[in-house]
Amino acid sequence: MIVDERFRSYICSLERSNGELLDALEQTALETDVPIIRKETQSFLKTMLVMNKPKQILEVGTAIGFSALLMAEFAPADCRITTIEKYEKRIPLAHANFERFGRSHQITLLEGDATLLLGELTQTYDFIFMDAAKAQYVNYLPDILRLLAPGGVLVSDNVLQDGDIIESHFAIPRRNRTIHARMREYLYTLKNHPLLETTIVPLGDGITLSVKREA
Ligand code: SAH
Ligand code: MG
């Protein structure tokens with residue numbers, strides 16, 4: 001927990017429903033331990049999408065499709081979404097959800113490891129949502145920067161690691177040290193990259209918002 005629980009629950013108490021279908025899918029995900037974006041993060045994404053009006057969205061980490069379907073709801077009607085997932089158990093569930101929500105024509109699910117698939121993509125995207133394996137973010141970054149259109153927006157989820165990010169390397173359990181070091185490297189790179197303007201937002205599990213400069 002990064003933010004005081006009472007602030008979090010107050011902020012969340014103001015949230016509106018995402019509609020019956022999406023609320024039910026969120027409930028299913030929570031009950032089946034599928035790690036979907038939190039309420040506060042949903043709200044942030046929705047606001048960003050209404051502001052940015054992207055025509056092409058790329059998501060890394062589909063899970064069962066909740067965030068992709070949420071983005072489809074709040075992006076312009078003619079927006080196309082490409083989303084990547086490698087976990088075989090979740091892929092059929094995501095396909096079924098896209099079908100059930102009538103979004104199969106709009107959302108393309110790429111099945112496989114983002115490390116490989118990102119390298120094969122060639123078009124540019126005006127909104128990228130990074131929500132996969134945290135230790136890999138920094139490795140995806142060269143492809144992400146190549147795929148992000150000038151003026152495009154990159155949102156990354158789970159960057160503050162439940163608060164662990166501020167702890168010293170030595171205070172982190174050994175098994176988490178690699179991911180801790182890599183996330184710090186990711187945040188440093190986002191903050192110092194000449195092509196990006198980035199803000200780190202302590203919301204949900206911590207997110208970053210980066211905009212790619214026009215030139
Ligand atoms: N964005 C989703 C939640 C994604 S959870 C939502 O909010 O609804 C993160 C997902 O990333 C998991 O399902 C995991 O299987 C997937 N993932 C992790 N590493 C990956 C990789 N290298 N390539 C593709 N998918 C990956
Ligand atoms: Mg996440």
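Structure's up top.
Residues numbered from 1 in each chain as written. Chains lettered and ligands numbered in written order. Predicted model: local features only at pLDDT ≥ 70, side-chain atom pairs only at ≥ 80, totals over all residues. Heavy atoms only, no water.

**A word on the coordination of the magnesium ion (ligand 2)**
Note the threshold: Here the coordinating atoms are restricted to nitrogen, oxygen and sulfur within 2.8 Å of the metal centre, or 3.2 Å for Na, K and Ca, and because water is not among them the sites may look incomplete. Starting at the N terminus, helices and strands are each numbered in turn, a helix being any DSSP run of H or I of at least four residues and a strand any DSSP run of E of at least two. Each residue's exposure class comes from its accessible area (1.4 Å probe, protein chains only) as a fraction of the maximum for that residue type: buried when under 20%, exposed when over 50%, partly exposed otherwise.
Within the protein, Asp131 (OD), Asp157 (OD) and Asn158 (OD1) serve as the donor atoms for the magnesium ion (ligand 2), at 2.1 to 2.3 Å. Counting along the primary sequence, the residues that act as donors to the magnesium ion (ligand 2) give the motif D-x25-D-N. Pair noted here: Asp131 is in the loop between strand S4 (125-130) and helix H7 (137-147) and Asp157 is in strand S5 (residues 148-157), with a separation of 26 residues, a long-range link. Taking relative accessible area as the criterion, Asp131 reaches 15% and is therefore assigned buried. A residue is classified by how much of its surface remains accessible, and Asp157, at 4% relative accessible area, is buried.

**Some remarks on the site of ligand 1**
Heads up, the rule is: For each residue, the test is whether any non-hydrogen atom lies within 4 Å of the molecule or strand; if one does, the residue is near. Here a polar contact is recorded for every N or O atom pair within 3.5 Å, except that within protein the pair must consist of a potential hydrogen donor and a potential acceptor, and residues adjacent in sequence are included only if both atoms are side-chain atoms. All residues other than Ala, Val, Leu, Ile, Met, Phe, Trp, Tyr, Cys, Pro, Asp, Glu, Lys and Arg, Gly among them, are scored as polar; the first ten of these are nonpolar and the last four charged.
Around ligand 1, 20 residues are found, and the nearest of them are Gly61, Ser67, Glu85, Arg90 and Ala114. Residue Ile37 places a main-chain N or O atom 2.9 Å away from an oxygen atom belonging to ligand 1. Taking Lys86, its main chain carries an N or O atom lying 3.3 Å from a nitrogen atom of ligand 1. When its residues are assigned to classes, the shell around ligand 1 shows ten nonpolar, four polar and six charged.

**Digging into unusual backbone geometry**
Of note, Asp33 is a non-glycine position whose phi angle comes to about 60°, a positive value. In this fold, Asp33 is placed in the loop between helix H2 (20-31) and helix H3 (39-52). A positive phi angle, close to 55°, is found at Ala63, a residue other than glycine. Mapping Ala63 onto the fold places it in the loop between strand S1 (56-60) and helix H4 (66-74). On the basis of relative accessibility, which here comes to 9%, the residue Ala63 falls in the buried class.

**Some thoughts on the side chain of Lys46**
In plain terms, the rule: His is not counted here, nor are the chain ends, while Lys and Arg score as positive and Asp and Glu score as negative. A carboxyl oxygen of Asp or Glu within 4 Å of a side-chain nitrogen of Lys or Arg is what we treat as a salt bridge. The criterion used for residue contact is that any of the two residues' heavy atoms lie within 4.5 Å.
In this structure, Lys46 sits in helix H3. Glu15 provides the closest opposite charge to the buried, unpaired Lys46, separated from it by 4.2 Å. In this structure the side chain of Lys46 is engaged in a polar contact, spanning 2.6 Å, whose partner is the side chain of Asn18. With sequence-adjacent residues up to four places away left out, Lys46 is seen in contact with Glu15, Arg16, Asn18, Leu70 and Phe74.

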